[in-house]
Amino acid sequence: MSVLAPALPVTAEERVSVASSWRLIWWRFRKHRLALASALVLIALYVVVLCPDFFSTQDPEATDARLAFIPVQRLHVFDGFRPSPWVPDVAGRRNPVTLRMEWSVDPSRRIPVRFFVTGYPYRLLGLVPMRIHLLGAAGPDGRERLHLLGTDRLGRDQWSRLVHGTRTSMTIGLTAVTFSIILGVVLGGISGYYGGLADAVIQRLIELLQSLPTIPIWLALTAALPRDWSPQQVFFAITVILSLVGWTTLGREVRGRFLALREEDFVLAAELAGASRARIIVRHMVPTFLSHIIATSTLAIPAMIINETSLSFLGLGIRPPAISWGVLLQEAQNIQTVALAPWLLVPGAVVILSVLAFNLVGDGLRDAADPYSQ
Amino acid sequence: MTRYVLKRLVLLPALLFLFSVVVFAIVQAPPGDFLTTYVATLASSGSSISAEQVEALRREYGLDRPIWVQYLKWMENLSRGNLGLSLEYQRPNAELIGERLLLTMVLAVLSFVFTWIVAIPAGLYSAMHPRSAIDYVLTVVNYVGVATPNFMLALVLMWGAFAYFGVSVTGLFSPDFVEAPWSLARVADLLRHVWLPAVVLGVAGTARLTRVMRANLLDELNKPYVTTARAKGLSEWRLVVRYPARLALNPLVSTIGWYLPALFSGSLIVATVMNLPNIGPLLLRALINQDMYLAGSILLIYCFLTIVGTLISDILLAWLDPRIRFEEG
Amino acid sequence: MTAPVLRVTDLRVHFFLDEGLVRAVDGVSFDVPPGQVVGIVGESGCGKSVTMKAILQIVEPPGRIVGGQILFRKDSAPPVDLARLSPKSAELRAIRGAEIALIPQEPMAAFSPIHSVGEQIIEALQLHERQWRPSGPRLSRTEARSLTVDLFRSVGISMPEERVDAYSWQLSGGLRQRAMIAMALSCRPRLLIADEPTTAVDVTTQAQILNLLRELQRRHGTAIVFITHDLGVIAQMARYVVVMYLGRVMEQGSVEEIFHAPKHPYTRALLKSIPSVNVAPRTLLPTIAGSIPHPLGRPRGCPFHPRCPDAIPGVCAERAPALRPVGATQLASCFLYHRDEAAEP
């Protein structure tokens, strides 16, 4: 054994002193149990994002006016004492005055629920054709439908629509913030590192954008989107619009950091050692505040989600037939409708849950990444 | 400091001019114009309008001229203090905006007062008794409050009032008082209705403010000057209020300037949901219908208020914190 | 012998952290005679600051006084046990600032950045008015201000009328420290606690400050508890010295006894480690072996034994020695001097 072989870190103190900064952040983050739980919630949500059809029970776009406003069929896990999930059946009755079908829950008849059943066809990730769904009704009559969250005025299954809406809303939040980060870091970096004319121009641009009142401009921009654009184009446009105004705060911060870092001795040392500009920026300067960027960006995602939801709610964001949480909540604009079918408000609860989870994770990340905190 | 303020003031008109171009471009961006939407609305409701009539209207409104001409006409009017004519309502824009302005401001002021009266003491208490039962409750409430979009809160409260109490909480007045002239009874009616929107508007802001106040104060409470003050013999409350609280408040007070544009907008989304006669819904309709002078004027006023608001924030911050004042020279 | 102004007996201050119990101060006793300077000296983490905070009852949670007495004597009245008083009580608040005053460590951070220094002194004057001026008309602002100007002049601040309105960050380090001393002395306290007052200033200013303190102490007859890690400062200022290590007193005695006849191995090692100009060039700097243990990993028995060159095997690691007299006014806690204790089972 060579005398010069480094000793393996054994005690806890020693492990801490040789751990990389990411390890340290992970260890500190682990201690915040609430943040950890929230992170799990987010991971679960993003799994749903990857394949919403698997989690749906019905085709989210299938309408049937006769099946309007079916109430929630609550999922029961135990039948007596056996673990055998079931939902109560619904019975319809035609209202003699309005001639519309009115549905109510019929607990006397139970529809058993099974896992991994065959349902409507879909394509996994847009490629692989599949028919398996997580949950489904498996009663004697094969056509029995399962409405875990009821239906809306057009008879569309709310649970499936919620699952699909999750995909849109969570993705928009993430992509908008990603664009903001890219814009902010690149422009802020150029501004801070190179200074001079580029700095002056970008600074003025940031000041200009920050002087604009955000919500009205968003309204105006989204109202400006042509009515005949496809949902995908609208989706992309909304993402861009949301991130266009959001990058300025990050850009300013990044600029400030670069300005300060430029004078640091370790940068000078790297330059003297012959490192290229790009290498200095990417390998030396950026890692010092990367964790801070991640933490603040995680905290920016919930704002994006709320903004998109609000815009879509007003009819200016994601438009039907595309589904997002805001679009779902549009159905709840009419108070009489809501009184009739309170389950239409459930997407709002999911919004609150996801925003809460993001906030908790973001706070946990920020505390874990801050080298000066306890 | 004065130099800095003067510089900003001088830049103001140039900025506004730039914004007016941007705003006008955005408003005109959707294809078609006001008449396109108008005709479509007519068609969907069953009536129709002949092509000649449309052409005549187009000439009358000046919609057949190129965009930059329309823009110049708007600028010309603005320089004379005329905000233009609303194509939809066929009334001067200044009148339309003016009507709703008072109510918008009343609502904004009330929710602002509510927010600060609740948040500052709550944040103070939370920071002085961290990890106590009340602190935990407040923290949970704050987190949920920040996570709730305010229109969602409005929806839930309205539904609750309707489903359980049979009360319909839309609008700012009961049906009898909507068009009535101002009287003491009308004011009483307004007060009865306005508290719910004020609370809805205030909740998210309160939650956020409490959290920031708590965090700021916790930071300050660990600093040596607090120990010195305590060693001098000051009582806890007095020393907290006189020293760290003031320092913790400074960054918050500087955000007051941002309330200026809010005073004008009164939260567009909640106003739409609760059917309040605010400027917000007016803007929304104008944007959707491409009522360009109305939309443009409202947007421009927002921009102006935002710039002024930011300036006020900066001035306030410098005034409260002598360190900034002296650093500027 | 006149009764001491402050008598600390077996003071214990413990910190109840999530990670465990830290015995920051673990049985400290000393007396402060009226009008004298007592120096508390030790390395970082030895508990000297916590002792000081305990006297004023400003120990931050999760720290708490768990035992001992702090008897404070105000003129001829019977002494008050400060440890028994509730930290927020009016009685304690009347003592803080008026009878016992603090000169904190970092004057820059210790003054509020958004109030002028004069403002903060006027506040102290007004707060304790009835104690330093029991009778007479209420203090007016102008009078308070002129008193403050006088105070500034007496501590050697030039141009006092302008300096009264200055902010702490506008003053130089030396001026700030003088302003801090002015604030501490404003209500004529009987006891002054100086927490490392010269650590944050350069050597020249340090000499000036020490001169000032000596001068003021002579003039007003204030007793001073002087906390520092600098042995040289202690030698200049103190009449009586208390040497602390890991929350316990290792040795205490008059300044002559400690510096000329140190008994405890720790004191000896400290004195030996002072670099000297008189040794031959290229002599290794003497150090104390080992390093200060983590507060949660306190050694059993005598806290110094892992680093002590004279540790008695089997004894020093088992039991902690008590503070016992080893001279006229000198006490040490070491088994080397109390063989009978060491022999006890």
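Residues numbered from 1 in each chain as written. Chains lettered and ligands numbered in written order. Predicted model: local features only at pLDDT ≥ 70, side-chain atom pairs only at ≥ 80, totals over all residues.

Undergrad: Looking at this structure, I do not really get the overall build of chain A. What am I missing?
TA: Along the backbone of chain A there are 13 helices and four strands. The C-alpha radius of gyration of chain A comes to 26 Å, more than 25% above the 21 Å expected for a compact globule of 374 residues. Each principal axis of the C-alpha atoms in chain A carries an extent, and together these give about 85 × 65 × 40 Å. Looking at chain A as a whole, 38% of its 374 residues qualify as buried. Within chain A, contacts between residues at least 6 apart in sequence are counted, and of these 68% link residues at least 24 apart. (Helix = DSSP H or I, 4+ residues; strand = E, 2+ residues; numbered from the N terminus. Rg over C-alpha atoms; globule rule 2.2 N^0.38 Å. Buried ≥ 20, exposed ≤ 12 C-beta atoms within 10 Å, placed from the backbone. Contact = placed C-beta atoms within 7 Å.)

Undergrad: Where do I start with the interface of chain A and chain B in this structure?
TA: How big an interface is tends to be stated in terms of the accessible area lost upon association of its parts. Residue-level contacts link 30 residues of chain A with 36 residues of chain B. The set of elements that each furnish at least two residues to the side of chain A that touches chain B consists of helix 7 (214–223), helix 10 (277–313), helix 12 (335–340) and helix 13 (346–369) of chain A.

Undergrad: In this structure, what is going on with the sheet that holds strand 1 (residues 76–79) of chain A? I would like to understand it.
TA: All names here are of chain A. As summarised here, the arrangement of the four strands in space is 1-2-3-4, forming an open sheet in which the pairing is antiparallel. With one partner strand each, in any of the chains shown, strand 1 and strand 4 (128–137) form the two edges of the open sheet. If you compare each strand with its neighbour and ignore which way they point, the axes differ by 50° on average. As paired strands, strand 3 (residues 101–124) and strand 4 are joined by eight bridges and run antiparallel to one another. When the bridges of strand 4 are listed, Val117 appears paired with His133. (Pairing = 2+ DSSP bridges. Axes fitted to C-alpha atoms, helices over the stretch in contact; angles between N-to-C directions.)

Undergrad: What is the right way to look at the nonpolar core in this model?
TA: The tendency in soluble globular proteins is for nonpolar side chains to be buried as a group. Within the largest apolar cluster, 122 residues are counted, with the highest numbers of intra-cluster contacts made by Leu219(A), Ala220(A), Ala154(B), Val270(B), Leu283(B), Ala295(B) and Ile298(B). Top element by residues in this core is helix 15 (residues 292–320) of chain B. It accounts for eleven residues. With near-sequence residues (within four places) excluded, Ile298(B) lies in contact with Ile97(B), Ile279(B), Leu282(B), Leu283(B) and Ala286(B). Residues Leu124(B), Val8(C), Phe30(C) and Val164(C) belong to the second largest nonpolar core, which totals 113 residues. (Core = buried A, V, L, I, M, F, W, Y, C linked by C-beta atoms within 7 Å.)

Undergrad: Sorry if this is basic, but what is going on with the interface of chain C and chain B here?
TA: Listed as interface residues are 22 residues of chain C and, on the opposing side, 18 residues of chain B. For the side of chain C that touches chain B, the secondary structure elements donating two or more residues are helix 2 (90–95), helix 3 (107–110) and helix 4 (117–127) of chain C. Class assignment of the residues belonging to the side of chain C that touches chain B gives a composition of 15 nonpolar, three polar and four charged. (Nonpolar A, V, L, I, M, F, W, Y, C, P; charged D, E, K, R; others polar.)

Undergrad: I tried to follow the sheet that holds strand 4 (residues 63–72) of chain C on my own but got confused; where do I start?
TA: Backbone-to-backbone hydrogen bonds pair the strands of a sheet. The strands run either parallel or antiparallel. All names here are of chain C. With antiparallel pairing, four strands are arranged side by side in an open sheet as 2-1-4-5. Strands with a single pairing partner mark the edges of an open sheet, and in this sheet they are strand 2 (21–32) and strand 5 (80–81). Where strand 1 (residues 6–16) lies against strand 4, eight bridges are found, and the strand directions are antiparallel. Counted as the bridge partner of His14 is Arg64 from strand 4. Here helix 1 (residues 48–56) sits on the sheet in contact with strand 1, strand 2 and strand 4, set at roughly 70° to strand 2.

Undergrad: How should the pairing of strand 7 (residues 191–195) of chain C be read in this particular structure?
TA: The side chains of a regular strand alternate between the sheet's two faces. Residue and element names in this part refer to chain C. By the criterion of burial, strand 7 is predominantly enclosed, with five of the five residues buried. Judged by which residues are buried, strand 7 turns out to be covered on both faces: Leu191, Ile193 and Asp195 on one side and Leu192 and Ala194 on the other are all buried. By the bridge criterion, four bridges tie strand 6 (residues 100–103) to strand 7 in an arrangement that is parallel. Among the inter-strand pairings, Ile103 is bridged to a residue of strand 7, identified as Ala194. In this sheet, strand 8 (residues 223–228) lies alongside strand 7 in parallel orientation, the contact comprising five bridges. Along strand 8, the bridge assignment pairs Leu192 with Ile224. Handedness of the crossover joining strand 7 and strand 8 through helix 9 (residues 203–220) is recorded here as right-handed. (Right-handed = clockwise from strand over helix to strand, strands pointing away.)

Undergrad: What is the right way to read unusual backbone geometry from this model?
TA: Across residues other than glycine, the phi torsion is negative in most instances, and most of the peptide bonds are trans. A positive phi angle is found at Phe69(A), which is not glycine, with a value near 55°. In this structure, Phe69(A) sits in the loop between helix 4 (52–55) and strand 1. Given 19 C-beta atoms within 10 Å, Phe69(A) falls into the partly exposed group. Of note in the backbone geometry, Arg282(C) takes a positive phi value of approximately 65° without being a glycine. The residue Arg282(C) is located in the loop between helix 12 (265–272) and strand 11 (324–325) in this model.

Undergrad: Is there a simple way to think about the packing of helix 5 (residues 158–194) of chain A against helix 10 of chain A in this case?
TA: How two helices sit against one another is set out by the angle between their axes and by the gap between those axes. All names here are of chain A. In contact at an axis separation of 8 Å, helix 5 and helix 10 are set at 140° when each is read in the N-to-C sense. Comparing their axes, helix 10 and helix 5 come out oblique. Crossing handedness for the pair helix 5 and helix 10: right-handed. On the side of helix 5, the interface is formed by Ser169, Ile172, Gly173, Leu174, Ala176, Val177, Ser180, Ile181, Gly189 and Tyr193, while helix 10 contributes Ile281, Ile293, Ser297, Ala300, Ile301, Met304, Ile305, Glu308 and Thr309. (Parallel < 35°, antiparallel > 145°, perpendicular 65-115°, else oblique. Left-handed = near helix turned anticlockwise from the far one by under 90°.)

Undergrad: When you look at helix 5 of chain A in this model, what are you seeing that I'm missing?
TA: An α-helical turn contains 3.6 residues, so any two residues separated by three or four positions project in the same direction. Residues and elements named next belong to chain A. A rise of 1.5 Å per residue sets the reference length of helix 5, with its 37 residues, at 54 Å; its end C-alpha atoms lie 53 Å apart and thus fit the reference within 8%. Taken across its 37 residues, helix 5 has 27 buried, putting it largely inside the fold. Immediately downstream of helix 5, the backbone of Gly195 shows phi near 65°, a positive value. (Expected span 1.5 Å × (residues − 1).)

Undergrad: I keep staring at the environment of Leu50(A) and nothing clicks. Help me out?
TA: Among the structural elements, Leu50(A) can be located in helix 3 (residues 33–50). Note: C-alpha distance between Leu50(A) and His164(A) (114 residues apart in sequence) is 10 Å.

Interpretation note: all reported values are geometric properties and have no functional meaning in isolation.
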